[in-house]
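So you can see what is in the structure, the chains are spelled out below.
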Amino acid sequence: MDHSRDRAAAGVLHQGVCDYVGNYLVSYAGFASVARLRNAVFDKVLKQGADFFEAHSTGQLMSSIMNDVDKVQVATSQILADLLRQWFTAVALLVVLFSNDWRLALACLIVLPAIMLPTMRIGKRIRRTSRSTQDRQAELNQILQETLSGHMVVKAFGAEEYESSRFRDASNRLLRTNVRYVLQQGLSSPVIDFVAALTIVGLLTYARNQIKIGALTAGNFTSFIMALVMLLEP
């Protein structure tokens, strides 16, 4: 009993240490890549000519150097790690599917991508909205930079109301973009659930016929359904 408890404690400790070290290494890789990329982007901007700075506002350049580069940290430290984990999960689930009924598994893999087209379109809209959000943030940064650095000119001409109105309009545009982003993200989950429900109904009809003729057992079909539902996430 004591040995079993010691082994369990050692296993938990080992898992905790591995999780800690793994999270640290992945996070460090993400932050380090962001630091190097931001330095490279800044050096690149410094070498541009006057035409470049006339074509791009200060707010846009600040947003690209600060906000856009931060997206790389999310991609390298979070999305990349999740991608690797989901890939191995998908491989294991595919083995379960094909080992239970390879014909049904093949049919699902052919039909499901076509059914998931609405979700893919939503994903494209989300990416466009995310890009629009960055543009709206750059617009706000530009107005802030111009107003705060030129506050003496604003006061001299009594343009406080004009600048306030300009900032408020830009802020409202950012608000509408953020709301649209949230709505689009919230729509993807119900679409996936609806597709999953339709798929399960079709599978139940197929399984009933297969079980009747003895080509498939209820246990094998249950494991198939569980693996297919879990496969939707990766």
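Cut-offs and rules
- Residues numbered from 1 in each chain as written.
- Predicted model: local features only at pLDDT ≥ 70, side-chain atom pairs only at ≥ 80, totals over all residues.
- Heavy atoms only, no water.
- Helix = DSSP H or I, 4+ residues; strand = E, 2+ residues; numbered from the N terminus.
- Buried < 20%, exposed > 50% of the residue type's maximum accessible area, 1.4 Å probe, protein only.
- Areas by Shrake-Rupley, 256 points an atom, 1.4 Å probe, with all protein chains shown as cover.
- Core = buried A, V, L, I, M, F, W, Y, C linked by side-chain atoms within 4.5 Å.
- Contact = heavy atoms within 4.5 Å.
- Expected span 1.5 Å × (residues − 1).
- Axes fitted to C-alpha atoms, helices over the stretch in contact; angles between N-to-C directions.
- Parallel < 35°, antiparallel > 145°, perpendicular 65-115°, else oblique.
- Left-handed = near helix turned anticlockwise from the far one by under 90°.
- Nonpolar A, V, L, I, M, F, W, Y, C, P; charged D, E, K, R; others polar.
- Patch = residues over 30% accessible without salt bridge, like charges linked within 9 Å, V, L, I, M, F, W, Y side chains within 5 Å.
- Salt bridge = Lys/Arg side-chain N within 4 Å of Asp/Glu carboxyl O.

Tell me about the overall build of the protein chain, residues and numbers included.
When helices and strands are tallied, the protein chain shows eight helices and zero strands. Secondary structure of the protein chain in N-to-C order comes out as α-α-α-α-α-α-α-α. The buried share of the protein chain, reckoned over its 234 residues, is 26%. Accessible surface computed for the protein chain: about 16,100 Å², of which carbon and sulfur atoms make up 65%.

Would you mind going over the nonpolar core in detail, with residue names and values included?
Across soluble globular proteins, you tend to see nonpolar side chains buried next to one another. Membership of the largest hydrophobic core comes to 20 residues, with the highest contact counts inside it found for Leu97, Cys108, Leu203, Phe221, Phe224 and Leu228. When residues of this core are traced back to their parent elements, those giving at least two are α3 (58-100), α4 (102-115), α5 (117-149), α7 (160-212) and α8 (218-232). The residues contacting Phe224, other than those within four sequence positions of it, are Leu97, Asn100, Asp101, Leu104, Ala105, Cys108 and Leu203.

Can you tell me about α5, naming the residues and giving the values?
The terminal C-alpha atoms of α5 lie 48 Å apart, and with 33 residues this matches the ideal 48 Å at 1.5 Å per residue to within 8%. Within α5 the residues assigned to the buried category are Thr119, Ile122, Gly123, Ile126, Thr129, Ser132, Thr133, Gln134, Ala138, Leu140, Gln142 and Ile143.

Account for the packing of α7 against α8, naming residues and giving values.
Remark: α7 packs on α8, axes separated minimally by 11 Å, with the N-to-C direction vectors making an angle of 165 degrees. What the angle tells us is that α7 and α8 run roughly antiparallel. The crossing of α7 and α8 is right-handed. Here Ala196, Thr199, Ile200, Leu203, Leu204, Ala207 and Ile211 of α7 lie close against α8, whose contacting residues are Ala218, Phe221, Phe224, Ile225, Leu228, Val229 and Leu232. Residues that form the contact of α7 with α8 fall into these classes: 13 nonpolar, one polar and no charged.

Report on α7, specifying residues and quantitative values.
For α7, which comprises 53 residues, the first-to-last C-alpha distance of 79 Å matches the rise-based estimate of 78 Å (1.5 Å per residue) to within 8%. Gly214 sits one or two positions beyond α7 and adopts a positive phi of about 80 degrees.

Tell me what's going on with the packing of α5 against α7, and back it up with residues and numbers.
At their nearest, the axes of α5 and α7 sit 9 Å apart, and the two run at 160 degrees to each other. Taken together, the axes of α5 and α7 lie roughly antiparallel to each other. Judged by the twist between their axes, the crossing of α5 over α7 is left-handed. By residue class, the composition of the contact of α5 with α7 is 13 nonpolar, 13 polar and eight charged.

Explain a nonpolar patch on the surface residue by residue, including any values.
A surface patch of nonpolar side chains, amounting to about 800 Å² of accessible area, comprises Leu13, Val17, Tyr20, Val21, Tyr24, Leu25 and Tyr28. Within the secondary structure, Leu13 sits in helix α1 (residues 2-46). Leu13 gets classed as exposed once you look at its relative accessible area, which sits at 59%.

Break down the pattern of salt bridges for me, citing the residues and quoting the values.
This structure, assessed with the given rule, holds six salt bridges. Put simply, Arg166 and Glu163 hold a salt bridge, and the shortest N to O gap is 2.9 Å. One end of the pair is Arg166 and the other is Glu163, both in helix α7 and three residues apart, which spans about a single turn. Taking relative accessible area as the criterion, Arg166 reaches 25% and is therefore assigned partly exposed. Classification of Glu163 as buried rests on a relative accessible area of 12%. Because the salt bridges share partners, they merge into one network encompassing Arg136, Glu139 and Arg173.

Residues and numbers for the environment of Leu83, please.
By the element assignment, Leu83 lies in helix α3. With 151 residues separating them along the chain, Leu83 and Pro234 place their C-alpha atoms 8.0 Å apart.

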